[in-house]
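Structural overview for review
Spelled out, the chains give:
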Amino acid sequence: MADRPGATGAARRAGAGWHRPGLAYLLLLPALALELLVHLVPMAVGVWMSFRELTQFYIRNWAAAPWAGLRNFRVALDVDSAIGASLLRSLWITLAYALLVVAGSWLLGFVAALLLQRPMRSRGLLRTLFLVPYALPAYAAVIAWNFLLQRDNGMLNHLLVENLHVTDDRAFWLLGDRSFVAVVLVSVWRHWPFAFLIIMAGMQNIPTDLYEAAAIDGAGPGQQIRRVTLPMLRPVNLVLVLVLFLWTFNDFTTPFVLFGAATPDQADLISVHIYQSSFVTWNFGLGSAMSVLLLLFLLLLTTGYLLLTARRRRRAV
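Residues numbered from 1 in each chain as written. Predicted model: local features only at pLDDT ≥ 70, side-chain atom pairs only at ≥ 80, totals over all residues. Heavy atoms only, no water.

1. Observations concerning the overall build of the protein
When helices and strands are counted, the protein shows 15 helices and zero strands. Here the C-alpha atoms of the protein give a radius of gyration of 26 Å, more than 25% beyond the 20 Å that 2.2 N^0.38 yields for 317 residues. Taken over the C-alpha atoms alone, the protein extends approximately 80 × 60 × 45 Å along its principal axes. Look at the contacts in the protein between residues 6 or more apart in sequence, and 66% of them connect residues 24 or more apart. With 25 positive and 16 negative side-chain charges, the protein shows a spacing of 14 Å between the two charge centroids. (Helix = DSSP H or I, 4+ residues; strand = E, 2+ residues; numbered from the N terminus. Rg over C-alpha atoms; globule rule 2.2 N^0.38 Å. Contact = heavy atoms within 4.5 Å. Lys, Arg positive; Asp, Glu negative; His and termini not counted. Charge placed at Lys NZ, Arg CZ, Asp CG, Glu CD.)

2. A look at the side chain of His273
Mapped onto the secondary structure, His273 falls in helix α14 (residues 270–280). Under the relative-accessibility criterion, His273 is labelled buried at 8%. A polar atom in the side chain of His273 sits 3.0 Å from the side chain of Asp268. Beyond its immediate stretch of four places on either side in the chain, His273 contacts Ser86, Leu87, Ser90, Asp268 and Met290. (Buried < 20%, exposed > 50% of the residue type's maximum accessible area, 1.4 Å probe, protein only. Polar contact = N/O pair within 3.5 Å; in protein donor to acceptor, adjacent residues only side chain to side chain.)

3. Concerning unusual backbone geometry
With phi around 60°, Trp282 is a residue other than glycine that occupies positive phi space. Along the chain, Trp282 turns up in the loop between α14 and α15 (284–316).

4. Some remarks on the confidence of the model for the protein
The predicted model of the protein has a mean per-residue pLDDT of 87, with 93% of residues at 70 or higher. By mean pLDDT, the top-scoring element of the protein is helix α4 (residues 82–115) (95), and the lowest-scoring one is helix α1 (residues 5–18) (51). (pLDDT = per-residue confidence, 0-100.)

5. Observations concerning the pattern of salt bridges
Evaluated as defined, the whole model comprises four salt bridges. The residue Arg151 makes a salt bridge to Asp152 at a minimum N-O spacing of 2.8 Å. Its relative accessible area of 31% is what places Arg151 among the partly exposed residues. With relative accessibility at 54%, the residue Asp152 sits in the exposed group. (Salt bridge = Lys/Arg side-chain N within 4 Å of Asp/Glu carboxyl O.)

6. A few points about the packing of aromatic side chains
Per the stated rule, a full pass over the model turns up 17 aromatic pairs. Taken together, a centroid distance of 5.0 Å and an interplanar angle of 5° make the contact between Trp106 and Phe110 stacked. One end of the pair, Trp106, and the other, Phe110, are both in helix α4, four residues apart, so they sit about a helical turn from each other. On the basis of relative accessibility, which here comes to 21%, the residue Trp106 falls in the partly exposed class. Seen from their ring centres, Phe279 and Phe284 are 5.3 Å apart, and the 85° between their planes marks the pair as edge-to-face. (Phe/Tyr/Trp six-rings, centres within 6.5 Å; stacked < 30°, edge-to-face > 60°.)

7. A closer look at the layout of surface pockets
A volume near 890 Å³ is recorded for the largest pocket. Residue assignment for the lining of the largest pocket shows that the elements contributing at least two residues are α2 (21–50), α14 and α15. Residues of the lining of the largest pocket, tallied by class, amount to 19 nonpolar, nine polar and no charged. Around the second largest pocket, the lining is made up of 13 residues, and of these Leu114, Gln117, Arg118, Tyr211 and Gln224 lie nearest the centre. Elements with a contribution of two residues or more to the lining of the second largest pocket: α9 (178–204), α10 (208–216) and α11 (221–232). Taken together, the residues of the lining of the second largest pocket break down into six nonpolar, five polar and two charged. (1 Å grid on protein atoms, 1.4 Å probe; cavity = no way out; pocket = protein on both sides within 12 Å on 5 of 7 lines; lining within 4 Å. Points joined across faces, edges and corners; volume = space filled by probe spheres on them. Nonpolar A, V, L, I, M, F, W, Y, C, P; charged D, E, K, R; others polar.)

8. Quick word on the nonpolar core
Of all hydrophobic cores here, the largest spans 32 residues; its most connected members are Phe196, Ile199, Phe245, Phe249 and Ile270. Listed by contribution, the elements that provide at least two residues to this core are α4, α9, α10, α12 (234–249), α14 and α15. Examining the composition of this core, we find that eight residues originate from one element, α4, more than from any other. When residues no more than four places from it in sequence are discounted, the contact partners of Phe245 are Leu95, Ala98, Leu99, Val102, Leu298 and Leu301. By size, the runner-up hydrophobic cluster in this structure holds 20 residues, among which are Leu149, Phe180, Val183 and Phe259. (Core = buried A, V, L, I, M, F, W, Y, C linked by side-chain atoms within 4.5 Å.)

9. Topic: helix α7 (residues 138–148)
Here α7 has its buried residues at Ala141, Val142, Trp145 and Asn146. On an axial view of α7, the arc spanned by its buried residues comes to 145°, and they lie on one face. (Arc of directions from axis to C-beta.)

10. Here's the deal with α9
The terminal C-alpha atoms of α9 lie 39 Å apart, and with 27 residues this matches the ideal 39 Å at 1.5 Å per residue to within 8%. Approximately 35° is the largest bend angle found in α9, and it occurs at His191, with the proline Pro193 only one to four residues beyond. Counted residue by residue, α9 has 19 buried out of 27 residues, so it is predominantly covered. (Expected span 1.5 Å × (residues − 1). Bend = angle between axes of the 7 residues up to and from the residue.)

11. Some thoughts on a positive patch on the surface
A cluster of basic residues, Arg311, Arg312, Arg313, Arg314 and Arg315, forms a positive patch at the surface. Its place among the elements puts Arg314 in helix α15. (Patch = residues over 30% accessible without salt bridge, like charges linked within 9 Å, V, L, I, M, F, W, Y side chains within 5 Å. Areas by Shrake-Rupley, 256 points an atom, 1.4 Å probe, with all protein chains shown as cover.)

Here is the structure:
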């Protein structure tokens with residue numbers, strides 16, 4: 001039975017109404033409003049606080065806090081003072097921590113994705129097991145590591161001392177120099193499944209014809225990885241490394257849950273350092289200034305990274 005001409009025309013007009021250019025922006029308004037409330041408004045408040053002498057005496061009335069101007073920023077950037085020197089030291093520790101975690105997470109994720117690239121038995125089960133650290137709630141996972149790294153009854157010391165006989169002394173993994181190793185270990189364990197997931201998805205988009213052609217030309221497995229896999233994964237790796245670096249650099253959950261508020265000096269990451277400057281010493285103006293400086297530092301670092309990668313991409317083309 002043929003459709004009536006009038007009904008067809010009405011349906012076309014109704015469909016055309018749904019494709020109006022302004023409708024897409026109208027549908028985006030709720031998401032933009034939530035983004036404004038969740039991110040931009042607290043960010044603006046933090047910037048406002050950085051210019052105030054906001055201490056515990058003005059907690060009930062923030063507007064009454066005296067205007068400090070750039071004083072908080074000068075205190076944070078004065079490396080000759082105790083506050084500035086400790087902030088600079090925390091920055092170097094965080095940089096080393098982020099670089100080690102990103103490198104370790106990417107390497108483990110790449111090796112795991114490479115091993116599971118070809119069809120094999122239990123590949124689905126292994127993929128599921130590899131993603132368990134990423135699926136676990138962060139607090140639960142880090143608390144479990146806190147128990148594992150205990151000196152007297154932790155499983156790691158029990159394994160090293162009583163089972164493997166690597167050493168005779170039980171190490172303090174949550175204190176002293178080993179605390180930095182502990183937080184790097186836990187963070188790599190948490191983040192490498194994400195790298196594995198992204199790299200595995202990128203490898204699945206590589207045409208198998210490239211590997212077959214490389215094998216015909218006499219390329220071995222190592223040459224195929226170097227000449228085919230890594231170049232084809234370059235766009236994925238550029239984004240993955242940046243995301244992992246930003247996540248790791250701003251990581252607060254791992255060090256805070258692992259060590260508590262009293263973080264060892266060797267693992268004084270900048271996120272916990274700013275928290276202590278704000279909520280332990282009750283100097284919210286100084287802590288906000290440190291947060292603004294951290295935001296500017298990451299913006300400059302991200303911009304430089306994107307410009308560098310874009311220049312290399314143009315040279316390659």
